[in-house]
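Structural overview
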Amino acid sequence: MKRHQSIACVCVCVIATAFVGGGASTRIVQPGLSSSHQLGRLEPGNLDGYLRIGEQLGGDAQTDHARDLAMQTLAIGIGLAQRAGNSKLTASMCIALASVEPDSAMASSLWDLAYSIDPDRRWAWVAHREAKTRASAQLRRDAARAVYAVRFNDHQLATELLGKKAVRETIRQTAHQAGLDPVGVDRLLFAMIADASADSCRGRVFVTQRDDGEVRRVVCGDHLRPIGAGPDDESLRQLIKLELGLLDELASPTNRDTWAVSAYLQMDEPVEDMSVSSIVEYYQVDMTKPYWRGDRWTSSP
Amino acid sequence: MASRATRSPIVEFLGEDAGAGGPFALLGLPHEMISDEQIIRACHRRLYQIDRHRHRSTPDASEVRLAVHAAASQLLDPKLRAELARRWPAGMPVAVPKAWKPSQQTSRLTPGFIQKAKLLIAASGGWNATARKRLAHFARVNRVGALELIGALSPQMPQESAGSVVLSPKTSPEVDKPRFDEQVYLIGPPPTRSFDWFAAYGLLLVLATVVVLVMVFLPIRGDPMDRAGASSVRVGTDGGGQAAASVGGNHSVPTGDWKERTHYTAIAHEFDQLARRAQSDMEPSVERFGQVYSKFVVEWSVFPAPALERTGLHIAEFVRRMSGSEVLFKALLPILGCDGTQRSPSQAMIRAAVIDVVRSEPGLSPQTRAQLGVIRKRCSGSESRETSSILQALVPVSEIIGVDARTDDPAWWRDWIQGVRAATFEDESQRTRLVLSAMSSRLRDPAPSNPSWIQSAIELVSVVPWRADSPARAWLLGQFADPAVSTPRLAVLTEAIATHSGAQQVNAQMVLNPSATFSQRQQLAETYRSAWTGSVSGAKSGSKPGTDQFSGLINEMRLRVSITPTQMDQQQASRAIVELARLNTAAWQFAQGQDAIAADMLDGAKGKIASASDPEQFVLTASQRDSKWSQQAINAQSASELSALFAQLVSDDGPGINSAHALVFLATLHADSKIRASARTQIIRYQDHPSVLLALDRVVANKRISSRLEELVVTVVGDKLPSRTDESWYLFAHKALLVRLTRSLSRSVESDLPALEHELDLAYGGRVVTQSALTQPTDGAVDHTARLYRKMMLDASVTAGGVGIELHDLAKIQSATDVRLVRAKRPIDGFFAYQRGVCELLGILTQRDIPGSSLRVDDLLTELEDRLGRSGSVIDQIAQVERCIAQFWIVRLEGRSP
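Each value, and the rule that gives it
- Residues numbered from 1 in each chain as written.
- Chains lettered and ligands numbered in written order.
- Predicted model: local features only at pLDDT ≥ 70, side-chain atom pairs only at ≥ 80, totals over all residues.
- Heavy atoms only, no water.
- Helix = DSSP H or I, 4+ residues; strand = E, 2+ residues; numbered from the N terminus.
- Buried < 20%, exposed > 50% of the residue type's maximum accessible area, 1.4 Å probe, protein only.
- Areas by Shrake-Rupley, 256 points an atom, 1.4 Å probe, with all protein chains shown as cover.
- Contact = heavy atoms within 4.5 Å.
- Phe/Tyr/Trp six-rings, centres within 6.5 Å; stacked < 30°, edge-to-face > 60°.
- Lys NZ or Arg CZ within 6 Å of the ring centre and 35° of its normal.
- Buried area = accessible area lost by both parts, 1.4 Å probe.
- Salt bridge = Lys/Arg side-chain N within 4 Å of Asp/Glu carboxyl O.
- Polar contact = N/O pair within 3.5 Å; in protein donor to acceptor, adjacent residues only side chain to side chain.
- pLDDT = per-residue confidence, 0-100.
- Pairing = 2+ DSSP bridges.
- Expected span 1.5 Å × (residues − 1).
- Core = buried A, V, L, I, M, F, W, Y, C linked by side-chain atoms within 4.5 Å.
- Axes fitted to C-alpha atoms, helices over the stretch in contact; angles between N-to-C directions.
- Parallel < 35°, antiparallel > 145°, perpendicular 65-115°, else oblique.
- Left-handed = near helix turned anticlockwise from the far one by under 90°.
- Nonpolar A, V, L, I, M, F, W, Y, C, P; charged D, E, K, R; others polar.

**Some thoughts on the overall build of chain B**
Assigned secondary structure in chain B consists of 42 helices and 0 strands. Expressed as a percentage of the 898 residues in chain B, the buried residues total 55%. Of the roughly 39,700 Å² of accessible surface on chain B, a fraction of 52% belongs to carbon and sulfur atoms.

What follows is the structure, encoded as structure tokens:
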């Protein structure tokens, strides 16, 4: 009898454990309820709360809406912390926001801002930039190779590389950063590939011709455009600018007589520093509404 | 002692000129007067002259004060003034340089001169705006007052001017003495000097008696406060019984309100008595205070500074004593405060300033202070700044009232100017600053220009000195450069300056067109700048060389800073950058003790900027000639055959697109070593040609790289590359060729940037190394800026943690520069990143080196942030940073004047 009781006890314990464990795993099923509850506790008097809750929401986020909410929380926290003169907390929240931000360029900018605000983050910033460079280096090289292949009428290589979504996305992002129209660049590249596929020379400058037993090299007369150049001067300028951007070479020539390059590449736009106000603008948050009430940000508790 | 005994008190206190007899001489005024304000100012000056005298507390002083006041009272009546002008000579202005004093010898209003002026009117088509402008200019260049000239031209005036001291064309051996034309005067002047004095004393005695009666007895009549009234009697009778000057007849005292004649000393004395007796007779004192205070706020501007300061303290003391009683203090509040309908700015000024002084009293309760703070806000709309000095309180109040003013009413501005004159007393620079602030505000008013603004502008520009050392010049140039300034309003201001200010080197042509474009404004600014800069260098001759360079440098920097607009096109920005950079380098050299180099830099600061070189034309299309050449070359069998072809390249200005491919093939793949070598030579000759670079770039992507190709690429790019067996060879070779191709293609674009880079290379080189770098650029502008940045960072780090520099501030500059460098998108961004770092470091070093400069440095950095945010291009931003560096140098140089 005792044996039976013992077995029954063990079974009950196992079931109870399974139930409890199962119950714990179901908590994340209702993030909305949980996040609303947490957000309701936010108040400007406790700035740490914005960091803690923002980080937690960002980590748990499974939908775009949840991620947006986490980013808004952190963005408001950044503004409030900066207003309070708390540079350490502001920098921490910038880094937390960078970890949630899906756009890698914006994430990098947030890291830059964190380092600008709090110089003690130097090594973390350097490590982030190196990691980012390493992670994207191969992709950027592939994208640059694709542009090169398009220029030199290597139809096969260009098609292969541009067939990758990541390469295309990298090209679009770089074009945007370089001040080019990403859609226009896309269109130009694919138009050039189409031309190259119709070009019987297939990237060759000279072809061999036999004339009365004599072998001669002659210029392949079917080129639609010169090898290595674009359909026109403006297209060539855009392709070079894009390729330099992909190779991180836009700013690198630091020796003499290089400023004319800026004029050729038509890059005279003003330099803009990343600032807290630009974060507030980017995430469209209102610093006068730091409370979360009734599923929206409000100005009063 | 004997000589002193024979001198009258007037001569003793006011000098010989004042003792010539009559009210005009006493006040130092001419017969022709433009306004009553001129009389009040003259009275104010004479009283101040007495207050500064060592015997100012004697009965003689009081006697002369009363005489001065009596004379002013007489002249304030226009009819009586005209009558007195026929009897008494004109006076010599007080404290006017001798060269300005009217003299018959220097008078140019001769019949010939007036004839010329008439011809000018005739040539202008009659009496119209053109004629008026030309006349004004004509008067200016001949050093004659425009009003004087116009007066002489009118038909009735020549007769009067004939008898006038100023306008008489006749000459006299005694030029320093006033002359009187007996044909003009109805009653001739006293025949001898002694009789003159006798008459003057008699007149003064009668006048003083009348004034005392008016001041003292009339208030007593309707005044319940007998003792206070009696005190006024004492003030008047202490020394005023003998000195009143009267011109006799029925004109001894002009009729009018008694308040117009009350002397400031009486008011000051009233407050003194009220403060003393406030404890014993509290309730009646408040009533009396109300009467005297209302008089004071009207008359305060005639108070000399010491009397005004004393009065402020007496009022504060009185209010403090009254604040003990809640009822009485409540009764005081409406007396002290502004009622909101106050239209006189000078009255609002003094009311606000008095409250500031009262609030500085240590014995006031917080509640009392708060109540005073509330009524203070109604006066000027600004927060109270507690101070025990009424003059110190008046300056910020008058500034805020002037800047906040939204009116062009000339009467309002006259009143404001009167208040500012009283508030700033003898501090001309302070007065200039206040008026310039107010004018800045009016110029930015979007309301259209109107006739009232024309009058007000004339009033305002007349207050400001436009001398070479005055900040007004730099201010005006700054207004031209600021897009926020309304062009029609600025046009009116330039007209007022050209015709009414007495500014030198400005003529009637230098008036802005109300519909001028911003570019035309800039051109006129340049005209002003040239005119005034010329005068600065002209003024320099004859002074010491070191001081000469120093002041010349600061003046140049100020001017350049002022005329640098908020937004510029590339050409304007490039010019501003170069001029500012040269000046900054001159300042740097000056600070290093390299005066000779600094002088050279200063002389060349406005020199020409190297012009952009002609763009090169590259054709990247295949022509028939190019195809033919490339086919002949690639199929050539011998080096001699090729030589003839290479000669063609010279005439074709380099290889075409297909020819370049042929050359690369020959240089790397041909079996004949001679052909390879000669093709290689041609490639190196045309290594900057885009066709050659494209052809090389095409072959570096090959899987097998020959040693010949590797060597050729390294030679062309002029840089080290990894070994050709290394996986990264292609990447590095391609990058290097692409960068070189970009630079080559950039030569096809016309741009000022290469010239600008060269100039900045020289300028920043001059700040980093020795003078050899001034003439020989070596490492490029970016490199020189980076070296300067590191040098300054090191300098600042050495003293960091001590006085003036926080390590954290340096770390922030370092981090910001690091971020800007990694975010740089083009070579010029690298320069900008280091240049901003240099600017911020210079700010920190200025705070360290120049005590008290922290606020100024912070303001300049804030202004820089604002300007950078509004810039439309990176070139514009570089100009703004260079401007900020120049501002820091001005602070440094002024703080360490040699």
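The rest of the description comes next.
**Some points on the overall build of chain A**
Tallying secondary structure elements over chain A gives 13 helices and 4 strands in all. Restricting to contacts in chain A with at least 6 residues of sequence separation, those with at least 24 account for 59%. Accessible area for chain A stands at about 15,800 Å²; split by element, carbon and sulfur atoms hold 53% of it.

**Here's the deal with the packing of aromatic side chains**
For any pair of aromatic rings, geometry is given as the distance between the ring centres together with the angle between the planes. Residue and element names in this part refer to chain B. Evaluated as defined, the whole model comprises 21 aromatic pairs over all chains. Between Phe 271 and Phe 289, the aromatic rings sit 5.7 Å apart at their centres with planes inclined by 65°, giving edge-to-face as the arrangement. Here the residue Phe 271 occupies a position in helix H13 (residues 264–277), and Phe 289 occupies one in helix H14 (residues 282–299), the gap between them amounting to 18 residues. Judged by its relative accessible area of 1%, Phe 271 falls in the buried class. Every member of this aromatic cluster is reached through a ring pair, and the members are Tyr 264, Phe 271, Phe 289, Tyr 293, Phe 296, Phe 303 and Phe 318. The cationic tip of Arg 489 hangs over the ring face of Trp 453; the distance from NZ or CZ to the ring centre is 5.2 Å.

**What to know about helix H33 (residues 690–699) of chain B**
Among the 10 residues in H33 of chain B, 9 count as buried, and that is most of the element. Residues of H33 of chain B that are buried in the fold lie against helix H7 (122–151) of chain A together with helix H31 (657–669), helix H32 (673–685), helix H34 (707–717) and helix H35 (729–746) of chain B.

**Re the interface of chain A and chain B**
Taken residue by residue, the interface counts 55 residues in chain A and 65 residues in chain B. A combined buried area of about 5,600 Å² lies between chain A and chain B, and 63% of that area is made up of carbon and sulfur atoms. Our count for the contact surface shared by chain A and chain B stands at 6 salt bridges. One salt bridge in this structure joins Asp 273 of chain A and Arg 836 of chain B, with 2.9 Å as the shortest N-O distance. On inspection of chain A and its partner chain B, the count reaches 19 residue pairs in polar contact (both at pLDDT 80 or more).

**Overview of the confidence of the model for chain A**
This prediction gives chain A a mean pLDDT of 82; 85% of its residues lie at or above 70. When mean pLDDT is compared element by element in chain A, helix H5 (residues 87–100) of chain A scores highest at 94, while helix H1 (residues 2–25) of chain A scores lowest at 48.

**Things to note about the environment of Leu 807 of chain B**
In this structure, Leu 807 of chain B sits in helix H39 (residues 807–822). A C-alpha to C-alpha distance of 9.0 Å links Leu 807 of chain B and Ala 796 of chain B, two positions 11 residues apart in sequence.

**Observations concerning the pairing of strand S2 (residues 214–219) of chain A**
The pairing of strand S1 (residues 206–211) of chain A with S2 of chain A spans 6 bridges and is antiparallel. The residue of S2 of chain A that forms the bridge with Val 207 of chain A is Val 218 of chain A.

**Describing helix H6 (residues 104–117) of chain A**
Think of an α-helix as 3.6 residues a turn; residues three or four steps apart then line up on the same face. In this model H6 of chain A runs 20 Å from its N-terminal to its C-terminal C-alpha over 14 residues, within 8% of the 20 Å that 1.5 Å per residue would give. With 12 of its 14 residues buried, H6 of chain A lies for the most part within the structure. Of all the positions in H6 of chain A, only Met 106, Ala 107, Ser 108, Ser 109, Leu 110, Trp 111, Asp 112, Leu 113, Ala 114, Tyr 115, Ser 116 and Ile 117 of chain A are classed as buried. Buried residues along H6 of chain A sit against H5, H7 and helix H13 (276–282) of chain A together with H39 of chain B.

**Things to note about the nonpolar core**
By size, the foremost hydrophobic cluster in this structure holds 122 residues, and its most contacted members are Phe 296, Trp 416 and Leu 493 of chain B. Counting residues per element, this core draws most heavily on helix H17 (residues 345–359) of chain B, at 9 residues. The residues touching Phe 296 of chain B, leaving out its near neighbours within four places in the chain, are Ile 267, Phe 271, Phe 303, Leu 308, Thr 311, Ile 315, Ile 350 and Val 354 of chain B. Of all hydrophobic cores here, the second largest spans 80 residues; its members include Val 205 and Tyr 264 of chain A together with Val 700 and Leu 745 of chain B.

**Let's talk about unusual backbone geometry**
Residues and elements named next belong to chain A. Phi is positive for Asn 153, which is not a glycine, with a value near 60°. Take Asn 153: it is sitting in the loop between H7 and helix H8 (155–162). Within the chain, Gln 284 stands out as a residue other than glycine whose phi angle is a positive 50°. Within the secondary structure, Gln 284 is located in the loop between H13 and strand S3 (291–293). On the basis of relative accessibility, which here comes to 70%, the residue Gln 284 falls in the exposed class.

**What about the packing of helix H38 (residues 781–799) of chain B against helix H40 (residues 827–849) of chain B?**
Between two packed helices, the angle of one axis relative to the other and the distance separating the axes together describe the packing. All names here are of chain B. For the pair H38 and H40, interaxial distance at closest approach is 9 Å and the crossing angle is 25°. Classified by the interaxial angle, the pair formed by H38 and H40 is roughly parallel. The element H38 and its partner H40 pack so that their crossing is left-handed. Packed against H38, whose contacting residues are Ala 781, Val 782, Thr 785, Ala 786, Leu 788, Tyr 789, Arg 790, Met 792, Met 793, Asp 795, Ala 796 and Thr 799, the element H40 presents Pro 827, Gly 830, Phe 831, Tyr 834, Gln 835, Gly 837, Val 838, Leu 841, Leu 842, Leu 845 and Arg 848 at the interface. Residues that form the contact of H38 with H40 fall into these classes: 15 nonpolar, 5 polar and 3 charged.

**Describing the environment of Val 403 of chain B**
With respect to the helices, strands and loops of the structure, Val 403 of chain B is situated in helix H19 (residues 390–404). Not counting the four nearest positions on each side in its chain, Val 403 of chain B is found in contact with Ser 437, Ala 438 and Ser 441 of chain B.

**A few points about the packing of H40 of chain B against helix H41 (residues 854–870) of chain B**
Residues and elements named next belong to chain B. Between H40 and H41, the least distance of the axes is 8 Å, while the angle of their chain directions is 160°. Classified by the angle their axes make, H40 and H41 are roughly antiparallel. As H40 runs across H41, the sense of the crossing is right-handed. On H41, the residues that touch Phe 832, Arg 836, Cys 839, Glu 840, Gly 843, Thr 846 and Gln 847 of H40 are Ser 854, Val 857, Asp 858, Leu 861, Leu 864, Glu 865 and Leu 868.

**Comments concerning the confidence of the model for chain B**
All names here are of chain B. Per-residue confidence for chain B gives a mean pLDDT of 77, with 80% of residues at or over 70. Mean pLDDT per element in chain B: helix H12 (residues 226–239) is the minimum at 34, and helix H20 (residues 410–424) is the maximum at 92. Throughout residues 156–194 the model reports pLDDT below 50, and contacts reaching past four residues in sequence, or to other chains, amount to 50 contacts. Of the regions scoring below 50 in pLDDT, residues 218–261 engages in 101 contacts with residues more than four places distant in sequence or in other chains.

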